[in-house]
Amino acid sequence: MSGEPYIVHPLQVAYILAGLELDTDTICAALLHDVVEDTDTTNEDLVQEFGESVAEMVNGVTKLGKLQYTTKEEQQVEDYRKMFLAMGKDIRVILIKLADRLHNMRTLKYLSRERQIANSKETMDLYAPLANRLGIYSLKWELEDLAFKYLYPDEFHEIVKGLDKKRDERLAFIDKIMEEIKVELKNVKITAEVTGRAKHIYSIYRKMKRDNSTLDQIYDLFALRILVNSVRDCYAALGVVHDLYTPMPGRFKDYISVPKKNMYQSIHTTLIGPKGTPFEVQIRTWEMHRIAEFGIAAHWAYKEQSNKGKKKAVIVKEDKLAWLRETLEWQKDIENPDEFMSTLKKELFEDEVHVFTPKGDIKVLPRGSTPIDLAYAIHEQVGHRMIGAKINSKMMPIITQLKNGDIVEIITSDSAKGPSRDWLKFVKSSGARTRIQQWFKKAQRAENIEKGKEILEKDIKKIGMKHSDLFRPEWVQIALDRYKYNSVDDMYASIGFGAISAAKILARLLEEYKKEHREEDIEKTISELANKKIDTKPSKTGVVVEGIDNCLVKLSKCCNPLPGDQIVGYITKGRGVSVHRTDCVNVKDLISEENRMIDVYWANQVSSHYSVEITVYANDRQGLLSDVIKEITSAKFNILGVNTKTNKEKIAVIEITLELVNLDELNKVINTLKKVESVYDVKRNK
């Protein structure tokens, strides 16, 4: 798209990986990573020319283009799954993929705006968090900044412009601090390199959003880094900077004594500089700094083989990858694309809590974890046989959320009957969730098979077909092969257990059905179904879904529709039908998926109450809020919530959540409030 020769991209990917000091095989695989996908070259050709190791890495990053998938999401998830399975065998696969994505992001300006947004969103959701989890900060920051540039161009350029404006002033400030620290470190005979760096643009933006502040209100836009020769020097240097400047309470983190899961080690402290200006200092050894830049890639060891002319073999310390393999265990058992993506994002973004076993071993768990999570982190059987827990020597409920530094003892019993289904409501780690689900899958197989049959039969009846229409042995075998089931019972058990939806199996069978039936026959069937009169009942929300009875219906919170509003239905994935007002800002995005839009209407008799948000704009005065509330309560309408603020121009903005029956009541409230003194506008929130 840029007009450059195709070879430029693989060369640039290879350069990025060479910068991470990776081995020869990885550089070869980087140069060849698009060859199987984009040319006639086969995997066998690569094995013959370059060896098994290079071919396996190229195969790991090659998309699954030749298989047929029901949806684009399913295709994408299977690509991710393949990549992660390959990553479990050889971590270099994901390093090639990250370098590939980084160069694609660097050249994103040549693509359409639609592709820019899609690629940037995927980078922010998946690839940047993955670089973070692998500890490769040199890639993480650039991926985030490039994705931010295309997702929020106005905010990006505003920050860049703001940073340039006061750059000299900030540099003078940081240079002065650096000089003071260098002098003091030299006085106490600590050999150190002190450098200053600007914080990355996306991290500044996140801080502005978090603190609801402007760029001018954020002073620690620069961080100082002190690199020393030993761990002892790290703590000595910390004492020096704490003597020179006042530390900010609650802003000290010691990742040396308790490293992050991605192997990152450093001391972080925020200090108050001259004129009360805060700044951050990071203190680490040179080796820690190398790991912070290269992450997992810093742990490659090279070993020359004895036979001359053979390629270098790469060895990775197993303990460095143990956490990664454990993290990715859950993904083998999840067939649902939505569940796979949500679990993956949660796994990549998860904050951590560090707890101790009675023997003093540190266990790193997702924030919000319970003793149940810890039990399964120790061993599957410890989780299954758990009957209680002691936290800091006190008996506590097993659903208690753990805090940093807790000492937790798991109490087990051989007579325990196994996990409870309720545990799934409280566990935070994917590993614990997966192991509990697997226990129920095995323990209740017969029940799940029957349940799965029942669910699939119902779905077949819903589309007006019979079991015999779709369950030809050869068609069923295609579905079994596609989703890797050994038998029909395995498939039914999986549906009954909830590991895969009946709709997915049905879609696969329908594809085979369509191949053998003329298009007009299918259209005729659909037409007959559409004209079939079904006596539908309104849902609890007072909304009737055309042609469907007993359907889960939810009124969308983005627009809070009321009886009397023009409405439209959208079939969500797994959460029934969501109902929007036709003038809702989100409807235009949904209309593109016409096959998921459905006709809905209000029932004739609606007795429900609905939540509606309105905003009152007025010139501020004493007693204004009291008068507004008085008018609403006099009209006998229920108020669910009130939020009020006044800006610098003395304009009062009052947000009110009301409980109403229909659109007429809403109009009545709006007209009543417009008559209140000082009120100049009342609007329903979109």
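Quick caveat: nothing in here was measured; it's all calculated off a predicted structure.

Rules of the game
- Residues numbered from 1 in each chain as written.
- Predicted model: local features only at pLDDT ≥ 70, side-chain atom pairs only at ≥ 80, totals over all residues.
- Heavy atoms only, no water.
- Patch = residues over 30% accessible without salt bridge, like charges linked within 9 Å, V, L, I, M, F, W, Y side chains within 5 Å.
- Areas by Shrake-Rupley, 256 points an atom, 1.4 Å probe, with all protein chains shown as cover.
- Salt bridge = Lys/Arg side-chain N within 4 Å of Asp/Glu carboxyl O.
- Buried < 20%, exposed > 50% of the residue type's maximum accessible area, 1.4 Å probe, protein only.
- Pairing = 2+ DSSP bridges.
- Helix = DSSP H or I, 4+ residues; strand = E, 2+ residues; numbered from the N terminus.
- Axes fitted to C-alpha atoms, helices over the stretch in contact; angles between N-to-C directions.
- Contact = heavy atoms within 4.5 Å.
- Parallel < 35°, antiparallel > 145°, perpendicular 65-115°, else oblique.
- Left-handed = near helix turned anticlockwise from the far one by under 90°.
- Nonpolar A, V, L, I, M, F, W, Y, C, P; charged D, E, K, R; others polar.
- pLDDT = per-residue confidence, 0-100.

Structural notes on a nonpolar patch on the surface
Next, step 1: Residues I7, L11, Y15 and L31 make up a contiguous nonpolar surface patch of roughly 390 Å² in combined accessible area.
Next, step 2: On the basis of relative accessibility, which here comes to 33%, the residue L31 falls in the partly exposed class.

Overview of the sheet that holds strand 22 (residues 679-684)
Next, step 1: Taken together, four strands build an open sheet; the order of strands is 20-21-19-22 and the sheet is antiparallel. Two strands close off the open sheet at either side, each with one partner strand: strand 20 (638-646) and strand 22. Neighbour-to-neighbour, the strand axes of the sheet open up by a mean angle of 20°, direction not taken into account.
Next, step 2: Pairing of strand 20 with strand 21 (residues 651-660) involves eight bridges; the strand directions are antiparallel. Counted as the bridge partner of N638 is E659 from strand 21.
Next, step 3: Together, strand 19 (610-619), strand 20, strand 21 and strand 22 form the strand contacts of helix 27 (residues 624-634), whose direction differs from that of strand 21 by roughly 20°.
Next, step 4: Against the sheet, helix 28 (residues 663-674) makes contact with strand 19, strand 21 and strand 22, and its axis sits at roughly 165° relative to strand 22, the strand it touches most.

As for the packing of helix 5 (residues 52-61) against helix 7 (residues 92-106)
Next, step 1: Interaxial distance between helix 5 and helix 7 falls to 9 Å at its minimum, and their mutual angle equals 55°. It follows from the interaxial angle that helix 5 and helix 7 lie oblique. Two packed elements cross with a definite hand, and for helix 5 against helix 7 that hand is right-handed. Contacts between helix 5 and helix 7 pair S53, M57, G60 and V61 from the former with R92, V93, I96 and K97 from the latter.
Next, step 2: Among the residues forming the contact of helix 5 with helix 7, the class breakdown is four nonpolar, two polar and two charged.

Observations regarding the confidence of the model for the protein
Next, step 1: Chain-level pLDDT for the protein is 78 on average; 80% of the residues reach the 70-or-more range.
Next, step 2: Across residues 64-70 the pLDDT falls below 50, and counting only partners more than four positions away or on other chains, this stretch makes 17 contacts in the model.
Next, step 3: Scored below 50 in pLDDT, residues 300-321 shows 37 contacts in the model against residues more than four places distant or in partner chains.

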